[in-house]
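Coordinates in review
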Amino acid sequence: MNETYFTSGMAIYPDSTMGLSVTPGSNSNYGSWTELVSSTSNDILISSAVVQASDGGHLMIQIGIGASGAETAVATINTKPIGSGYSNVICINPYLFIPSGSRLAVRIASNLASPTIARITLIYIPTSSVTNPVLSEVSNPTGAVV
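For every chain, the first residue of its written sequence is number 1, and the numbers climb from 1 along that sequence. Thresholds applied to this predicted model are a pLDDT of at least 70 for local features of residues and 80 or more for the giving and counting of side-chain atom pairs; totals over whole chains, interfaces and linings are not thresholded and use all residues. By convention in this description, side-chain values take in all heavy atoms of the structure and omit both hydrogens and water.

1. Things to note about the overall build of the chain
The secondary structure content of the chain amounts to 0 helices and 12 strands. Burial classes follow relative accessibility: with a 1.4 Å probe on protein chains only, a residue under 20% of its type's maximum area counts as buried, one over 50% as exposed, and anything between as partly exposed. Expressed as a percentage of the 146 residues in the chain, the buried residues total 43%. In the chain, 82% of the contacts between residues at least 6 apart in sequence involve partners at least 24 apart. Surface accessibility follows the Shrake-Rupley procedure with a 1.4 Å probe radius. Residue values consider only the protein chains on display as shielding. Summed over its atoms, the accessible surface of the chain is roughly 7,200 Å², and 51% of this surface lies on carbon and sulfur atoms. Put simply, DSSP marks the helices as runs of H or I at least four residues long and the strands as runs of E at least two long, and each gets a number from the N terminus on. It only takes one pair of heavy atoms within 4.5 Å for two residues to be counted as in contact.

See the structure below:
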């Protein structure tokens, strides 16, 4: 039986318990890219995102890699409305592979005319902590070898 195992715990970007403040674009338009980390220290698998917002709007979140001003979206995920004081945990399945040395950024679109600032945290696993990976559980939009 093929299964993916992790030999150590998960980590987060940004390295903060409160997450990163991101200003969503209004009326379903994306806001500016916001850097989470300038260079990933390892190959990583992003397993989920934690999003907090207080206005109850629908959000579309893009995860991107690349130089500032030249980011390429490698994943787009959506969330249901979020109420004040709540967080949405969005599982990313298959896991999103990001190669070592990548600049990692996010941007958000909201369906509201005047959205409030959202906070986002990405939860990841260094690939060095993965044993027996099942390739069907890994998304590889970058073309790098997993």
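2. Some thoughts on the pattern of salt bridges
Here, a salt bridge means any side-chain nitrogen of Lys or Arg that lies within 4 Å of a carboxyl oxygen of Asp or Glu. Applying the stated criterion to the full structure yields 2 salt bridges. With a closest N to O distance of 2.8 Å, Glu71 and Arg103 form a salt bridge. Taken together, the positions of Glu71 in the loop between strand 6 (59-65) and strand 7 (72-79) and Arg103 in the loop between strand 8 (87-98) and strand 9 (104-110) put the pair 32 residues apart, joining distant regions of the chain. Accessibility assignment for this pair places Glu71 and Arg103 in one class, buried. Several salt bridges converge on common partners, so that one network encompasses Glu35, Glu71 and Arg103.

3. Considering the sheet that holds strand 6
Strands are treated as partners if at least two bridges between them are detected by DSSP. Spatial ordering of the open sheet is given by 4-9-6-7, a layout of 4 strands whose pairing is antiparallel. Since the sheet does not close on itself, it has two edges, and those belong to strand 4 (34-37) and strand 7, each with one partner. For this sheet the average axis-to-axis angle between neighbouring strands, irrespective of direction, equals 30°. Angles here are taken between N-to-C directions and fall from 0 to 180 degrees, while the axes themselves are lines fitted to C-alpha atoms, restricted in helices to the stretch in contact.

4. With respect to the confidence of the model for the chain
Each residue gets a pLDDT score, which is the predictor's confidence in that residue and runs from 0 to 100. Of the residues in the chain, 77% have a pLDDT of 70 or more, and the chain-wide mean is 81. Mean pLDDT per element in the chain: strand 1 (residues 5-6) is the minimum at 48, and strand 9 is the maximum at 94. Across residues 1-6, confidence stays below pLDDT 50; counting only partners more than four residues off in sequence or on other chains, it has 19 contacts.

5. Focus on unusual backbone geometry
Of note, the bond from Asn93 into Pro94 is cis; its omega dihedral lies within 30 degrees of zero at 10°. Mapped onto the fold, Pro94 is located in strand 8. Phi is positive for Ser28, which is not a glycine, with a value near 65°. Inspection of the secondary structure puts Ser28 in the loop between strand 3 (20-22) and strand 4. Since its relative accessible area comes to 52%, Ser28 is described here as exposed.

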